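The primary structure of each chain is shown beneath.
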Amino acid sequence: MGRFTLHKGFRILLVMLFFTFTMVQNLYAENSLTDNSLDTRTLAMINKPGVVLVQTVWTADLTLYEFSIDSQFEQDMINEVYYLIESGTIPNTEQAMYSAMVQMMIESLPYYTFNTGNIYTEQASTAAVGTGFIVTPDGYLVTNAHVVNTDEEQLYLNFVMTALQNYAIEGTNSFAAEMRTLGYEMSQEEIDGLMNTFYNILAQNIAINNLQTRYQCFLGNVTPGSDVSAKGVGLDLRKMGEPIPGKDVAILKLDKTNLPTVTLGDDSKLRTGDKVYAMGYPAVATLDEALNVSQAIQEPTLTSGIISARKEMAGGWNILQTDAAIHGGNSGGPLFNERGEVIGINTFGMLDPNSGSQVAGMDFAIPISIALQFLNEINVTPTESQFTSHYKEAINLFKNERYNEALEILRGLNETNPGYPVVSELLAECRTLADQQAQMETALSTEAEVKDDQAGEFLIFVFVGIGVILIILIVVITLLAVRRKKTPKTLQPTTQQVSSSKEIESLNTIICSNCGKNLPIDSKFCSGCGYAFPAKPKFIDQCPKCNNPVKDGDLFCSSCGAKISENNE
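In this text, all values refer to a predicted model and were calculated from it rather than measured experimentally.

Novice: Go over the nonpolar core, please, and point to the residues and values.
Specialist: One broad trend across soluble globular proteins is that nonpolar side chains are buried collectively. With 66 residues, the main nonpolar core has F133, V142, L219, V249, Y391 and L410 as its most contacted residues. Not counting chain neighbours up to four residues away, the residues in contact with Y391 comprise M45, I46, P49, L410, L413, V422, V423 and L426. In terms of nonpolar packing, the next biggest core, distinct from the first, is built from 41 residues, F73, A100, V102 and M186 among them.

Here it is, written out as structure tokens:
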């Protein structure tokens, strides 16, 4: 009995430990999206809806002043080449001479141009793209100031590259063809350098009038195949800092409700080596002609790296250096820590002063604490939206394989905020897994029913067996009881109990051997026939009449002749 109690207690302890472990595991899973580091996929899923492509569009009337190249330029180039050869600066070969001529064309052409007096006008528009992230349900958005800033020099260049691109291409191709006839093939770097020279010349020979600026963002819900430009949502500029080296932050507002949001973190806790993730819309992966642009602007790009260092800007404030890859278009996008919180704003990359190309692994982000200063100044408090809260709940349910519950939430989100690719993808995956789970549960239920039937048959067999055994036991016990009743009992005088008055009476009387009459036990003569009873021997080895000694087996007393055996029986 004691062993059974210990075993039962041990089983109860195991059950309690199992439920405790299950509760802790579920609690851990429910808090995994908020209290611990996120896996990369979850981090991306949670934050993609709240990261948007920001576009600044400028429209103006352009006046182009036609220019030409002074004929003296060709002779000056020849003279310069001879000087370089004579001074030993370049070798005396055709390839070296042509290379030197191309370099002089890139560096000195703007100084040999002049206006012809002809003027051309046209209406043109240009745009710059960057990234932003939504921090409140009602549409407050953070980006870089240089994404929305109207820098005059850059603006002129943007108009040229948009509206007057053909002029630059035509001038570059014409010069490259002429060099090819001379036997020199320009490199791609030389072609790009000459193209930029033509862009700068054109920018110096245009005037901009009636300039208008507007801001818009794309929320990632553009219908495939539709006109992308018609899907932008207008933005209002609420506050703007100064581009680098200033505090390159801008706050904009779009007029919508329950928008997806991102969570802002604490950059003061960052240390060198901490893992970070950059998210945004780099132009090379968004607006390239080889890509489906309408699809590309629906989903931001994610790259990863570490915090390389903290650097101090000339203004005395810190900036974060990271090796997470960012490119043109990433500007204004969020830099996340491993918890999926924004701790920086991707802003610029370091350029090689010789080639002008971006240096890999040398990118910088403005700490999010700077953006919080801007938000505080206009009384904006970052808040998580209901959309994002429900979306996180759906992801949590999905990760815990509670597909039907997740599916219900995702369907609601897709109805109220339709078209987010990451939500649609999760919805489709969840629907598939929910169907598979239902099929599996059906199969398991069928298997359980079969096992239950088998268990029922087994129990019936057991009960029948137990019944047979009980019947056998009853029969055996009954037979034993009957046998005991039939077996006579051996009387034991020493333990015999007197149970009747007749038995008591027989013990207090004697029977006359002559006439058979019952007499008191101490009678010496029979009251019926007068027979005299012989005296009882005092000892078993004495004669009952004369009490003289007798031997065992004697029939008569040797002294008086009295019969002994009869009285000794």
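Novice: For the side chain of N47, give the residues involved together with the corresponding values.
Specialist: Positionally, N47 belongs in helix α2 (residues 40-47). Given the relative accessible area of 2%, N47 is considered buried. Within the structure, N47 has its side chain in polar contact with the backbone oxygen of L43 (distance 2.9 Å). In this structure, N47 is in contact with V262, M279, F336 and G340, ignoring residues within four places of it in sequence.

Novice: Residue-level account of helix α7 (residues 165-181), with values.
Specialist: Between the first and last C-alpha of α7 there are 25 Å, a value that for 17 residues agrees with the 24 Å anticipated at 1.5 Å per step. If you check which residues of α7 are buried, you get A168, G171, T172, F175, A176 and M179. The buried side chains of α7 occupy one side of the element, clustering within an arc of 125° when seen end-on. Across α7 from its buried face, at more than 90 degrees, point the exposed residues N166, E170 and T181.

Novice: How would you summarise the environment of G332 if you had to cite specific residues and measurements?
Specialist: Inspection of the secondary structure assignment puts G332 in the loop between β10 (318-322) and β11 (334-336). Taking the C-alpha atoms as reference, G332 lies 7.1 Å from V142; in sequence the two are 190 residues apart.

Novice: With reference to specific residues and values, describe the pairing of strand β6 (residues 250-254).
Specialist: Most of β6 sits out of view: 5 of its 5 residues are buried. Summarising the sheet, strand β3 (residues 140-143) and β6 pair through 4 bridges and their orientation is antiparallel. The residue bridging Y140 from the neighbouring strand is K253, located in β6.

Novice: How would you explain the packing of aromatic side chains if you had to name every residue and give the values?
Specialist: A complete count under the given rule lists 6 aromatic pairs for this structure. The interplanar angle of 40° and the centroid separation of 4.6 Å between the aromatic rings of F73 and Y112 together place this pair among those described as tilted. On the criterion of sequence distance, the pair formed by F73 in helix α3 (residues 72-86) and Y112 in the loop between α4 (94-108) and β2 (113-134) is long-range, its members being 39 residues apart. Residue classification places F73 among the buried residues on the basis of a relative accessible area of 5%. Since its relative accessible area comes to 22%, Y112 is described here as partly exposed.

Novice: Outline the sheet that holds β2, supporting the account with residue identities and numerical values.
Specialist: If you walk around this closed barrel you meet the 6 strands as β1-β2-β3-β6-β5-β4, and the pairing is antiparallel. Across this sheet, the average inter-strand angle for adjacent strands is 40°, counted without regard to direction. Pairing of strand β4 (residues 206-218) with strand β5 (residues 233-240) involves 3 bridges; the strand directions are antiparallel. Paired with Y215 across the two strands is L235, which belongs to β5. Sheet strands touched by helix α8 (residues 188-203): β1 (51-69), β2 and β4. Its angle to β1, the strand with the most contacts, is close to 75°.

Novice: How would you explain the pattern of salt bridges if you had to name every residue and give the values?
Specialist: Within this structure, the stated rule accounts for 8 salt bridges. For K239, the salt bridge goes to E377, with nearest N and O atoms at 2.9 Å. One end of the pair, K239, is in strand β5; the other, E377, is in helix α10 (residues 368-377), and 138 residues separate them in sequence. Judged by its relative accessible area of 24%, K239 is partly exposed. In this structure, R339 engages E341 in a salt bridge whose closest nitrogen and oxygen atoms are separated by 3.6 Å. Looking at R339, the relative accessible area reads 37%, which means it is partly exposed. For E341, a relative accessible area of 18% gives the class buried.

Cut-offs and rules
Residues numbered from 1 in each chain as written. Predicted model: local features only at pLDDT ≥ 70, side-chain atom pairs only at ≥ 80, totals over all residues. Heavy atoms only, no water. Core = buried A, V, L, I, M, F, W, Y, C linked by side-chain atoms within 4.5 Å. Buried < 20%, exposed > 50% of the residue type's maximum accessible area, 1.4 Å probe, protein only. Contact = heavy atoms within 4.5 Å. Helix = DSSP H or I, 4+ residues; strand = E, 2+ residues; numbered from the N terminus. Polar contact = N/O pair within 3.5 Å; in protein donor to acceptor, adjacent residues only side chain to side chain. Expected span 1.5 Å × (residues − 1). Arc of directions from axis to C-beta. Pairing = 2+ DSSP bridges. Phe/Tyr/Trp six-rings, centres within 6.5 Å; stacked < 30°, edge-to-face > 60°. Axes fitted to C-alpha atoms, helices over the stretch in contact; angles between N-to-C directions. Salt bridge = Lys/Arg side-chain N within 4 Å of Asp/Glu carboxyl O.

No statement about biological role is implied by the geometric values presented.
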